[in-house]
Amino acid sequence: MFTADTTTVGFIGLGNMGSGMAKNLQEHGYQLVVNDVRQDAAQSLLSHGALWADTAEQVAQHSDVVITMLPTPRHVAAVAMGEGGILSGLKSGGYWVDMSTSVPEVAQRAREAADSSVHIVDAPVSGMSVGAQAGRLQVFVGAEQAEFETLRPVFEAMGDPEKILRVGYAGAGYAVKLMINQLWFSHLVATTEVLAVGVKAGVDLEVLRQSLINSPASSNFVENDVLSVLEHSDYDEGFAIALACKDLGLSIDLARSVGVPVELSSLVEQIYRRAKSQYGDSAGEMTPIKLYEDLIGLELRTT
Ligand code: NAD
């Protein structure tokens, strides 16, 4: 098992998610070797004892496990398989764990290119940047059972032990994560649509929300997550809508690759893309709610 006293963890991608995840590994006692295209993103980790490496290859040379937390499959492929990438530095028996929301295809290509002694695992997460900071992420792991057990202490430093799940073999983690996001984004659009119509029809917003909660149509989204906007005007800029659109595109690609028509998912993707073009790439993942607010000419707020 990769316990803190004997394991060096390499961490590449110190953005909204990776910064919190790396901080929690460090607080659990793991020696870190870090890299990001923005060196200033590593400042706080370096001041607490992490080591800097100039390339992904160097990160891998000095680590037992390399974690990537990067925006898109294109970034993941470049960092893993490009020149000076992880695969050229990974030790025999070493682990590369991609925790980005990505696709099985990249990891599969890496597996074909890599030495057979290295381990390549997908372990994407849910829980937003707040969960990453708090060490309360859900982790969906695609790996052999033995690989999962070896990595468990590393995952437990970043996630809720009850919600660290092995969901299948390589690639299964990516698929589960994409389906979770697809359903959550669909909940967001469907819920906002009925709230906007109900309010426009004269019903008080909170009365409508409580009625939905107490009905067979309830969901975690209407009960909890929508409150971010309704109570705090927070559209979650910790997860940029550009990345949400990337996830929706990957989810639809996955559906296409397995031959399942997904009319509803495609519509949700288009609504997200409209919000992205209207409010900008860095607007929060909940910004599609704004589209409906603009349509009805009022903000959906309970206070
Ligand atoms: P982000 O854009 O905030 O962070 C990405 C980091 O990667 C940045 O610091 C960037 O500088 C760095 N980077 C980009 N290219 C690089 C390269 N070639 N080498 C080294 N570093 C590089 O993104 P994020 O919000 O942290 O999301 C990361 C991943 O996690 C994405 O796949 C996203 O879909 C997924 N995710 C995000 C959330 C969320 O709430 N933000 C939740 C779950 C999953």
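These numbers were taken from a predicted model, which means no experiment stands behind them.

A. Structural detail: the site of the ligand. Taken together, 26 residues lie around the ligand, and Asn-16, Met-17, Asp-36, Arg-38 and Gly-238 are the ones closest in. Contact between the ligand and Gly-15: an oxygen atom at 3.3 Å from a main-chain N or O atom of the residue. Note that an oxygen atom of the ligand is positioned 2.9 Å from one of the backbone N or O atoms of Leu-70. Isolated, the ligand exposes 840 Å² of accessible area, and the fraction of that covered by the protein chains is 87%. Those elements giving two or more residues to the shell around the ligand turn out to be helix 4 (73-81), helix 7 (128-134) and helix 13 (241-257). Per element, the largest residue contribution to the shell around the ligand is three residues, and it comes from helix 13. When the residues that make up the shell around the ligand are grouped by side-chain class, the tally is twelve nonpolar, nine polar and five charged.

B. Region of the structure containing the domain arrangement of the protein. One can read the domain layout of the protein as domain 1 (8-169) and domain 2 (176-296). Taking the mean C-alpha position of each, domain 1 and domain 2 sit 29 Å from one another. In this assembly, 14 residues from domain 1 lie in contact with 13 residues from domain 2. Taking both partners together, domain 1 and domain 2 bury about 1,100 Å²; carbon and sulfur atoms supply 70% of that area. Contact with domain 2 buries surface across domain 1, with Thr-101, Met-128 and Phe-140 losing the most and accounting together for 40% of the total. If you look at where domain 1 meets domain 2, you find zero salt bridges. There are five residue pairs in polar contact (both at pLDDT 80 or more) connecting domain 1 and domain 2. Those elements that place two or more of their residues in the side of domain 1 that touches domain 2 are strand 7 (125-126) and helix 7. Class assignment for the residues of the side of domain 1 that touches domain 2 results in eight nonpolar, six polar and no charged.

C. Structural view of the pattern of salt bridges. By the definition in use, this model includes eleven salt bridges. A salt bridge links Lys-246 to Asp-247, with the nearest nitrogen and oxygen atoms 2.8 Å apart. Two residues, Glu-269 and Arg-273, come together in a salt bridge whose shortest N-O distance is 2.9 Å. A residue pair is termed a helical-turn pair when its members lie 3 or 4 positions apart in one helix, as Glu-269 and Arg-273 do in helix 14 (residues 263-279) at four residues. Arg-273 gets classed as partly exposed once you look at its relative accessible area, which sits at 32%.

D. Main features of the packing of aromatic side chains. One pass over the full model with this rule turns up four aromatic pairs. Look at Trp-184 and Phe-185: their rings are 5.9 Å apart centre to centre, the planes differ by 75 degrees, and that puts the pair in the edge-to-face class. The burial state of Trp-184 is the same as that of Phe-185; both residues are buried. Judged by centre distance (4.8 Å) and plane angle (50 degrees), the rings of Phe-185 and Tyr-272 are tilted. Residue Phe-185 is found in helix 9 (residues 172-200), and its partner Tyr-272 is found in helix 14; the two are separated by 87 residues along the sequence. Since its relative accessible area comes to 0%, Tyr-272 is described here as buried. Three or more aromatic residues link up through ring pairs in this structure, and these residues are Trp-184, Phe-185, Phe-221 and Tyr-272. Above the ring of Tyr-169, the side-chain terminus of Arg-166 is found at 4.7 Å from the ring centroid. Over the ring of Tyr-235 we find Lys-290; its NZ or CZ atom is 4.7 Å from the centre of that ring.

So, how was this worked out
Residues numbered from 1 in each chain as written. Predicted model: local features only at pLDDT ≥ 70, side-chain atom pairs only at ≥ 80, totals over all residues. Heavy atoms only, no water. Near = heavy atom within 4 Å. Polar contact = N/O pair within 3.5 Å; in protein donor to acceptor, adjacent residues only side chain to side chain. Areas by Shrake-Rupley, 256 points an atom, 1.4 Å probe, with all protein chains shown as cover. Helix = DSSP H or I, 4+ residues; strand = E, 2+ residues; numbered from the N terminus. Nonpolar A, V, L, I, M, F, W, Y, C, P; charged D, E, K, R; others polar. Domains from an automatic or database assignment. Contact = heavy atoms within 4.5 Å. Buried area = accessible area lost by both parts, 1.4 Å probe. Salt bridge = Lys/Arg side-chain N within 4 Å of Asp/Glu carboxyl O. Buried < 20%, exposed > 50% of the residue type's maximum accessible area, 1.4 Å probe, protein only. Phe/Tyr/Trp six-rings, centres within 6.5 Å; stacked < 30°, edge-to-face > 60°. Lys NZ or Arg CZ within 6 Å of the ring centre and 35° of its normal.

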